Amino acid sequence: MTQEGPGETESGEAAAAPAGAAPAGAEITTTDCRQCGAQVSGLNNRYACSYCGWVNHWAEGSNVLPSAEDDLDHPGH
């Protein structure tokens, strides 16, 4: 019997990321809400304020969003 390393399955393959895990290269960023001033955090400069509902535009993020075809839940898979 072999011991599995972190992120490996019994066959030695990489294990799938746990549900809710941030994608590779994701960075948690923080700013002040432009509408109410509350501190908000998001992934790669994409924010949504839970106090007032403000959301910044998706194009203000710091990386390119994946296409729908890259989504594992896309109906085309």
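Shown above is the structure to which this text applies.
Here the structure is a predicted model, which is why all the values come from computation and not from measurement. (Residues numbered from 1 in each chain as written. Predicted model: local features only at pLDDT ≥ 70, side-chain atom pairs only at ≥ 80, totals over all residues. Heavy atoms only, no water.)

With that out of the way, let us pick up the nonpolar core. The biggest cluster of nonpolar side chains holds 6 residues, and these are Cys33, Ala38, Val40, Tyr47, Cys49 and Trp54. Excluding its chain neighbours within four sequence positions, the residues that come into contact with Trp54 are Cys33, Arg34, Gln35, Val40, Tyr47, Ala48 and Cys49. (Core = buried A, V, L, I, M, F, W, Y, C linked by side-chain atoms within 4.5 Å. Buried < 20%, exposed > 50% of the residue type's maximum accessible area, 1.4 Å probe, protein only. Contact = heavy atoms within 4.5 Å.)

Here we come to the pattern of salt bridges. Here the structure, examined in full by the defined rule, presents 1 salt bridge. Among the ionic pairs, Glu60 bridges to Arg34, the shortest N-O distance being 2.7 Å. Note that Glu60 is positioned in the segment after β2 (39-43) and Arg34 in the loop between β1 (28-32) and β2, a separation of 26 residues in sequence. What makes Arg34 exposed here is its relative accessible area of 58%. (Salt bridge = Lys/Arg side-chain N within 4 Å of Asp/Glu carboxyl O. Helix = DSSP H or I, 4+ residues; strand = E, 2+ residues; numbered from the N terminus.)

The next point concerns a negative patch on the surface. Taken together, the side chains of Glu69, Asp70, Asp71 and Asp73 present a region of like negative charge at the surface. Tracing the sequence through the fold places Glu69 in the segment after β2. A residue is classified by how much of its surface remains accessible, and Glu69, at 48% relative accessible area, is partly exposed. (Patch = residues over 30% accessible without salt bridge, like charges linked within 9 Å, V, L, I, M, F, W, Y side chains within 5 Å. Areas by Shrake-Rupley, 256 points an atom, 1.4 Å probe, with all protein chains shown as cover. Lys, Arg positive; Asp, Glu negative; His and termini not counted. Charge placed at Lys NZ, Arg CZ, Asp CG, Glu CD.)

Our focus in this paragraph is the state of the cysteines. Per the counting criterion, the structure on display carries 0 disulfides. Of all cysteine sulfurs, the one in Cys52 lies closest to Cys33, which takes part in no disulfide; the gap is 3.6 Å. (Disulfide = S-S within 2.5 Å.)

Let us now look at the side chain of Asn44. Its location among the elements puts Asn44 in the segment after β2. Every residue in contact with Asn44, bar those within four places of it in the chain, is listed here: Gly25, Ala26, Glu27, Thr29, Gly61, Ser62 and Asn63.

A few words now on the side chain of Arg46. Mapped onto the elements of the fold, Arg46 is located in the segment after β2. As a buried residue without a salt bridge, Arg46 has its nearest oppositely charged side chain in Glu60, at a separation of 9.1 Å. Apart from residues lying up to four places away in sequence, Arg46 is in contact with Asn56, Trp58, Gly61, Ser62, Asn63 and Leu65.

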